[in-house]
Amino acid sequence: MAKGQIRRDSKHRVLRRGESQRKDGKYMFKYHVNGKPQYVTSWRLEPTDKQPQGTKPTLSLREMEKQIGRDWDSLMDPLGRNMTVKECVERYVATKTGVKPSTKAGYKTVMNKMETQAFYHKKVREIKTSDAKLFLIKLQQEDGLKYSTITTIRGVLRPAFQMAMDDDIIVKNPFQFELIGVLYNDSVTRQGITKDQMRKFLKFVHDDVVYCKYYEVVYILFHTGMRISEFCGLTIKDLDMEKRIINIDHQLVRVGMKLYVQSTKTNAGTRKLPMTQEVFECFQAILEDRGTPKKEKMVDGYAGFLFLDKNGLPEVAMHWEHRFNHMVNRYNEIYKVQMPNITPHVCRHTYCSNMARARMNPKTLQYLMGHSDIGVTMNTYTHLGFDDAKDEMIRLEELEQAKKEVERMTEKPKEANQNMFRAI
């Protein structure tokens, strides 16, 4: 073909550079990687072309070209020498196909936060451990991000770089270091409220003309330790009122404006909780008030949720977080002695602390809380203060005194018998 002559296919359509049509009618696109020719073929030029009978369905040639265009950098760089941190993260996230919707949303949030960072657009092979540390320090000291937020970002970067290491793109993962040795941990330790504060708050909610309708929920959260997403996910079928068992095997979450029913936070989160008499009565009251709603929508095959909004959709964590906020604000408007911030999670933490103070076996408490790691449960015990230590010392001292008294009482009959034998 003469130079500059326009190529056309059998339908007289103009073919682009690299495109051609073979004698059998099949289209071909030729490109080069590292100086070596590569080819892709298809029976269709455009996506709208009909697939010839008896041929295997594939993308059209033009669709393949677009795909090659998107992947051009990686095709020209098969060893990943020019891969950026952004490309590395995107590649890692693309492999996480089986994660929960909430986790996907978390990945997206991290990627959006990273987009404006110069570090995100550097080449992976150029990143040293010191670069990684300095980047995280910048996020905290210059950008003002919280320790927990940086932990989340690092939680994506570290496995992404590990994948690059596994692919032999880098020799060492620059994010394999202890974060606490680099950043200041400004996280506020979440602690439960005292038993006295809990009693006062429950009494306030119970007696208040506005918030009394939420009393049962507040009591249940304080006395079961359920995550609020687990409570929101409860349906009528999950409550065995005869055996007094709460079955927890899923949770309700909202990502954006869409509701999802997904598995519990961890495998340990799937558990059965026994109802105390008071918790049983609270659930009874909730079921009686619920009745039969006029309209109710199903979420991922689940129906029968305990609380519904005006549209027939189940209420989510946000509804209860707002209500708790209003209740605490109202309490503090009335009483001089202020109540600390109370959220559904504070209720959970309070339950855990109360059970620890009651000297519940840590493994039992781990099961009830749905913790996958006993260390998380044991951390609750470290929140116990001087008064708790003092009470425990007194208890042990009293136990020791009682033991000595028992031993002394058992020794008296022996002494009496010995004296009797001597007299004989």
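Residues numbered from 1 in each chain as written. Predicted model: local features only at pLDDT ≥ 70, side-chain atom pairs only at ≥ 80, totals over all residues. Heavy atoms only, no water.

Q: Please explain the overall build of the protein chain as it appears in this structure.
A: Helices and strands together make up the secondary structure of the protein chain, namely 15 helices and 8 strands. In the protein chain, buried positions account for 36% of the 424 residues. Of all intrachain contacts in the protein chain linking residues separated by at least 6 positions in sequence, the fraction that spans at least 24 positions is 54%. Working note: accessible area of the protein chain is about 26300 Å², and carbon and sulfur atoms make up 52% of it. (Helix = DSSP H or I, 4+ residues; strand = E, 2+ residues; numbered from the N terminus. Buried < 20%, exposed > 50% of the residue type's maximum accessible area, 1.4 Å probe, protein only. Contact = heavy atoms within 4.5 Å. Areas by Shrake-Rupley, 256 points an atom, 1.4 Å probe, with all protein chains shown as cover.)

Q: So what exactly am I meant to see when it comes to the pairing of strand β2 (residues 27–33) here?
A: If a strand is regular, its side chains alternate between the two faces of the sheet. Burial of the side chains of β2 is restricted to one face: Tyr27, Phe29, Tyr31 and Val33 are buried, whereas none of Met28, Lys30 and His32 on the reverse face is. Here strand β1 (residues 19–21) runs beside β2; their pairing, made up of 3 bridges, is antiparallel. Bridge pairing links Ser20 to Met28 in β2. Sheet analysis places β2 next to strand β3 (residues 36–42), joined by 7 bridges and oriented antiparallel. Directly across from Val33, in β3, lies its bridge partner Lys36. (Pairing = 2+ DSSP bridges.)

Q: Explain the packing of aromatic side chains here, please?
A: Each aromatic ring pair is described using two quantities: the centre-to-centre distance and the angle formed by the ring planes. Under the definition given, this model contains 15 aromatic pairs. Plain terms: the ring middles of Phe119 and Phe175 are 6.1 Å apart, the flat faces sit at 90 degrees to each other, and that makes the pair edge-to-face. Placement of the pair is Phe119 in the loop between α4 (101–114) and α5 (129–141) and Phe175 in the loop between α6 (147–166) and α7 (195–207), with a sequence separation of 56 residues. In this structure Phe119 comes out as buried when scored by relative accessible area, which is 5%. The class for Phe175 is buried, based on a relative accessible area of 0%. Joined through ring pairs, the aromatic side chains of Phe119, Phe135, Phe161, Phe175 and Phe177 make up one cluster. Across the ring face of Trp320, the terminal group of Arg323 is positioned such that the distance to the ring centre comes to 4.5 Å. (Phe/Tyr/Trp six-rings, centres within 6.5 Å; stacked < 30°, edge-to-face > 60°. Lys NZ or Arg CZ within 6 Å of the ring centre and 35° of its normal.)

Q: How do you make sense of the packing of helix α8 (residues 215–224) against helix α12 (residues 344–357) when you look at a structure like this?
A: At a minimum axis separation of 6 Å, α8 and α12 run at an interaxial angle of 40 degrees. In terms of orientation, α8 lies oblique with respect to α12. Contacts between α8 and α12 involve Leu221, Phe222, His223 and Thr224 from the first element and Pro344, Cys347, Arg348, Thr350 and Tyr351 from the second. Across the contact of α8 with α12, the residue classes tally to 5 nonpolar, 3 polar and 1 charged. (Axes fitted to C-alpha atoms, helices over the stretch in contact; angles between N-to-C directions. Parallel < 35°, antiparallel > 145°, perpendicular 65-115°, else oblique. Nonpolar A, V, L, I, M, F, W, Y, C, P; charged D, E, K, R; others polar.)

Q: Would you explain the nonpolar core in this entry?
A: Inside soluble globular proteins, nonpolar side chains tend to come together where they are buried. Phe201, Phe222, Met226, Phe231, Ile246, Phe283 and Ile342 are the most contacted members of the largest nonpolar core, which totals 53 residues. The dominant element in this core, judged by the number of residues it contributes, is α8, at 7 residues. Core analysis: the next-biggest nonpolar cluster, separate from the first, contains 33 residues, Tyr92, Tyr120, Ala160 and Ile170 among them. (Core = buried A, V, L, I, M, F, W, Y, C linked by side-chain atoms within 4.5 Å.)

Q: Would you take a moment to explain the sheet that holds strand β5 (residues 245–248) for this structure?
A: Pairing between the strands of a sheet is mediated by backbone hydrogen bonds and can be parallel or antiparallel. Read from one edge to the other, the open sheet built from 3 strands follows the order β4-β5-β8, with strand pairing classed as antiparallel. Of all strands in the sheet, those with a lone pairing partner are β4 (239–240) and β8 (271–274), marking the two edges. With 2 bridges joining them, β4 and β5 adopt antiparallel strand pairing. The partner of Leu239 across the bridge, within β5, is Ile246.

Q: I keep staring at the pattern of salt bridges and nothing clicks. Help me out?
A: Should their charged atoms come close, side chains of opposite charge can pair. Enumeration according to the criterion identifies 14 salt bridges in this entry. Its salt-bridge partner being Arg62, residue Glu46 comes within 2.5 Å of it at the nearest N-O pair. Note that Glu46 is positioned in the loop between β3 and α1 (61–70) and Arg62 in helix α1, a separation of 16 residues in sequence. With a relative accessible area of 9%, Arg62 lands in the buried category. Linking Arg330 and Glu333 is a salt bridge whose minimum nitrogen-to-oxygen distance equals 3.4 Å. (Salt bridge = Lys/Arg side-chain N within 4 Å of Asp/Glu carboxyl O.)

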